[in-house]
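Summary of structural features
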Amino acid sequence: MKKRNVGRPRDGDPAETRRDILRAAEESFAASGFVGATTRQVASRAGVNVATLHYHFGNKERLYRAVLAAAVAGEIPESTGAGSPAERLTGVVEALWNFGWTRPALPRLSLLHRLAGPSFSGGAHEALDDPRAKILARVIAEVASKGTLPPHEAAQFVLVLMDGALVAARSGHGADAPAPEAQRRGVVAAALRVAGL
């Protein structure tokens, strides 16, 4: 067995090591949340030692933030602005559903963060900076009828419902399985109702 060096790896690709750590951390945090996952567990899954993990990310909090940022990174569908208000909101919710379906860890990470996310250095629970919420809030603000929840609250409600439905729908389905239509339709119907459409 080859002895591993402590701290910064002397050979290998540091970018690949970082990606391996992020992938292992995503699995750990999605399975156990921030509190349940440990840096030792993540390092073991990534095939590195804890010192290497700390070299790349500093501490568990920074690693967690990097995992959350990576989970929502990428091209998030935008509203086209065409069609009736109901069609516009339906289009965005369906696109966000598909985005979440292609990222199995995202709904779990989002829900676990809302339920038991850490208190970061400021001491207060910090909301997940989720670009999906911003897009949804903007579209709801554009299309909602009077008398509904404020757009930000409505977007948060729809995302919690969507993430819960995605986690439930993913149970028993492989990574390549098509997204179940009944759950998607239910989330769309709830979003339309919350927006007063």
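Just so you know, these numbers come straight off a predicted model, no measurement behind them. (Residues numbered from 1 in each chain as written. Predicted model: local features only at pLDDT ≥ 70, side-chain atom pairs only at ≥ 80, totals over all residues. Heavy atoms only, no water.)

1. Let's talk about the overall build of the chain
Rules: Secondary structure elements follow DSSP: runs of H or I no shorter than four residues count as helices, runs of E no shorter than two count as strands, and numbering proceeds from the N terminus. Under the scheme applied here, a residue whose accessible area is under 20% of the maximum for its type counts as buried, over 50% as exposed, and between as partly exposed, the area being computed with a 1.4 Å probe on protein chains only. The contact criterion used is simple: two residues touch if any of their non-hydrogen atoms lie within 4.5 Å. Computed with a 1.4 Å probe, the accessible areas rest on the Shrake-Rupley method; for each residue, only the protein chains presented here act as cover.
Within the chain one finds nine helices and zero strands. Beginning at the N terminus, the succession of helices and strands in the chain can be written as α-α-α-α-α-α-α-α-α. Looking at the chain residue by residue over its 197 residues, the buried ones come to 42%. Partitioning the intrachain contacts of the chain with sequence separation of at least 6 by distance along the chain shows that 71% fall at a separation of at least 24. Accessible area of the chain: about 10500 Å², with a carbon and sulfur share of 54%.

2. Brief notes about the packing of aromatic side chains
Rules: Pairing of aromatic side chains requires ring centres within 6.5 Å, counting the rings of Phe and Tyr and the six-membered ring of Trp. Pairs whose planes differ by under 30 degrees are stacked, by over 60 edge-to-face, and all others tilted. Here, over-ring charges are defined by two tests on the NZ atom of lysine or the CZ atom of arginine: distance to the ring centre within 6 Å, and angle to the ring normal within 35 degrees.
If you walk through the whole model with that rule in mind, you get three aromatic pairs. Ring geometry for Phe29 and Phe34: centres 6.2 Å apart, planes at 15 degrees, overall stacked. The pair Phe29 / Phe34 is uniform in exposure class, with both members buried. Site record: aromatic cluster; members linked through ring pairs are Phe29, Phe34 and Tyr64. Cation over ring: Lys60 sits above Phe34, and NZ or CZ is 4.6 Å from the ring centre.

3. Notes on the confidence of the model for the chain
Formally: One number per residue, pLDDT, summarises how confident the predictor is, and it ranges from 0 to 100.
In this model, the chain carries a mean pLDDT of 84, and residues with pLDDT of at least 70 account for 83%. The element-level mean pLDDT for the chain is lowest in helix H6 (residues 105-116), coming to 88, with helix H2 (residues 39-46) highest at 94. Here residues 1-7 scores under 50 on pLDDT; set against residues more than four positions off or in separate chains, the count is 13 contacts.

4. Examining the nonpolar core
Nonpolar side chains in soluble globular proteins tend to be buried together. Convention followed: To form a nonpolar core, buried Ala, Val, Leu, Ile, Met, Phe, Trp, Tyr and Cys residues must be joined to one another through side-chain atoms within 4.5 Å.
If you look at the biggest cluster of nonpolar residues, it comprises 53 residues, and the most contacted ones within it are Phe29, Leu63, Leu89 and Leu136. Ranked by residues supplied to this core, first place goes to helix H8 (residues 151-170) with eight residues. Phe29 has contacts with Phe34, Ala37, Lys60, Leu63, Tyr64, Val67, Leu109 and Leu112, leaving out every residue within four places of it along the chain.

5. Re the environment of Ala70
As for its placement among the helices and strands, Ala70 is situated in helix H4 (residues 60-71). Relative accessible area serves as the criterion here: at 39%, Ala70 is assigned to the partly exposed category. Along the chain, Ala70 and Glu26 lie 44 residues apart, while their C-alpha atoms are 9.0 Å from each other.

6. Focus on H6
Stated formally: Take the number of residues in a helix, subtract one, and multiply by 1.5 Å to get its expected span.
A rise of 1.5 Å per residue sets the reference length of H6, with its 12 residues, at 16 Å; its end C-alpha atoms lie 16 Å apart and thus fit the reference within 8%. For H6, the full list of buried residues reads Ala105, Leu106, Pro107, Leu109, Ser110, Leu111 and His113. Of the surrounding secondary structure, the elements contacted by the buried residues of H6 are helix H1 (14-36), H4, helix H5 (85-101), helix H7 (131-143) and H8.

7. Observations concerning helix H3 (residues 50-57)
We apply this condition: The arc in question is the one spanned by the directions pointing from the helix axis to the C-beta atoms. Polar contact criterion, stated in full: a pair of N or O atoms within 3.5 Å, where within protein one must be able to donate a hydrogen and the other to accept it, and residues adjacent in sequence count only if both atoms are side-chain atoms.
Turning to H3, its buried residues are Thr52, Leu53, His56 and Phe57. One face of H3 carries all of its buried residues, which in axial projection span an arc of 110 degrees. For H3, the N-terminal capping position is held by Asn49, with its side-chain oxygen 3.2 Å away from the main-chain nitrogen of Ala51. One or two steps after H3, the chain reaches Gly58, where phi turns positive at roughly 90 degrees.

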